[in-house]
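One letter stands for each residue in the lines below.
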Amino acid sequence: MPSATTVLTATIANGATDSDELDIVDAKYVGLIMPAAWTDADILFKVTNVSGGTWRDLLTDEGVQIRLKVFAARAYAIDRYAYGLAPWRFLQIISSVAQGAARSILVVIKA
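Description of the structure in this document. (Residues numbered from 1 in each chain as written. Predicted model: local features only at pLDDT ≥ 70, side-chain atom pairs only at ≥ 80, totals over all residues. Heavy atoms only, no water.)

### Side note on the overall build of the chain
Alright, step 1. Within the chain, the regular secondary structure consists of one helix and nine strands.
Alright, step 2. The helix and strand sequence of the chain, counted from the amino end, reads β-β-β-β-β-β-β-α-β-β.
Alright, step 3. Against the compact-globule benchmark of 13 Å for 111 residues, the chain has a radius of gyration of 13 Å, which places it among compact chains.
Alright, step 4. A burial count over the chain gives 37% of its 111 residues as buried. (Helix = DSSP H or I, 4+ residues; strand = E, 2+ residues; numbered from the N terminus. Rg over C-alpha atoms; globule rule 2.2 N^0.38 Å. Buried < 20%, exposed > 50% of the residue type's maximum accessible area, 1.4 Å probe, protein only.)

Following this line, the structure appears as structure tokens:
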């Protein structure tokens, strides 16, 4: 039986860099679908183990902040970083620059 796929929406407000909180419980695979309009910026991640908790930058085991180069209207598999996301219950998507309008990034997760 195939694993369930869930699509969440990470919203970054106009002039902001941080998305709202996403509950990614049990996510093993994660993909991003970028909006058609996107102010050029990289994507970074923050995580926490409790809703409303203290957000921490997501780093590799070498201590390097995870950063993705993304473009408008493209889909990205982030399998390379899925193990880094797996232990965390809550996720924020961070734009490296403030967005010029409200942006919605679709986050596709599969258990």
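After that view of the structure, there is still more to cover.
### Notes on unusual backbone geometry
Alright, step 1. Although it is not a glycine, D26 adopts a positive phi angle of roughly 65°.
Alright, step 2. Structurally, D26 can be placed in the loop between β2 (22-23) and β3 (29-33).
Alright, step 3. With a relative accessible area of 59%, D26 lands in the exposed category.
Alright, step 4. The phi torsion at A73 lies on the positive side, around 60°, for a residue other than glycine.
Alright, step 5. Structurally, A73 is set in the loop between β6 (67-69) and β7 (75-77).
Alright, step 6. On the accessibility criterion, A73 (55% relative accessible area) is exposed.

### Remarks on the nonpolar core
Within soluble globular proteins, side chains that are nonpolar generally end up buried alongside one another.
Alright, step 1. Counting 27 residues, the largest nonpolar core has L32, I43, F45, I93, I105 and V107 as its most contacted members.
Alright, step 2. When residues of this core are traced back to their parent elements, those giving at least two are β1 (5-12), β3, β4 (42-48), α1 (79-85), β8 (90-95) and β9 (103-110).
Alright, step 3. Sequence-distant contacts of I93, defined by excluding residues within four places in its chain, comprise A10, I12, T17, D18, S19, L32, I43, L44, F45, I105 and V107. (Core = buried A, V, L, I, M, F, W, Y, C linked by side-chain atoms within 4.5 Å. Contact = heavy atoms within 4.5 Å.)

### Re the sheet that holds β9
Alright, step 1. Read from one edge of the open sheet, four strands run β1-β9-β3-β7, paired in antiparallel fashion. One side of each edge strand has no neighbouring strand; the edge strands of this open sheet are β1 and β7. The average angle at which neighbouring strand axes cross in this sheet is 25°, direction not considered.
Alright, step 2. Relative to β7, β3 runs antiparallel, the two sharing three bridges. Of the residues in β7, the one forming a bridge with L32 is Y76. (Pairing = 2+ DSSP bridges. Axes fitted to C-alpha atoms, helices over the stretch in contact; angles between N-to-C directions.)

### So, the pairing of β3
Alright, step 1. One ladder, built from five bridges, connects β3 with β9; its direction is antiparallel. Paired with I33 across the two strands is L106, which belongs to β9.

### Some thoughts on the environment of V70
Alright, step 1. Checked against the element boundaries, V70 lands in the loop between β6 and β7.
Alright, step 2. The exposure class assigned to V70 is buried, which follows from its relative accessible area of 2%.
Alright, step 3. Sequence separation of V70 and S95 is 25 residues, and the distance between their C-alpha atoms is 9.9 Å.
Alright, step 4. Once residues lying within four places of it in the same chain are set aside, the contact partners of V70 are M34, W38, A41, I43 and Y76.

### Remarks on the pattern of salt bridges
Alright, step 1. A full pass over the atoms with the stated rule returns three salt bridges.
Alright, step 2. One salt bridge connects D42 with K69, and the closest N-O pair in it is separated by 3.6 Å. Highlighted residues: D42 in strand β4 and K69 in strand β6, separated in sequence by 27 residues.
Alright, step 3. Three or more residues are tied together by salt bridges with common partners; here these are D42, R67 and K69. (Salt bridge = Lys/Arg side-chain N within 4 Å of Asp/Glu carboxyl O.)

Honestly, it's all geometry; don't read function into it.
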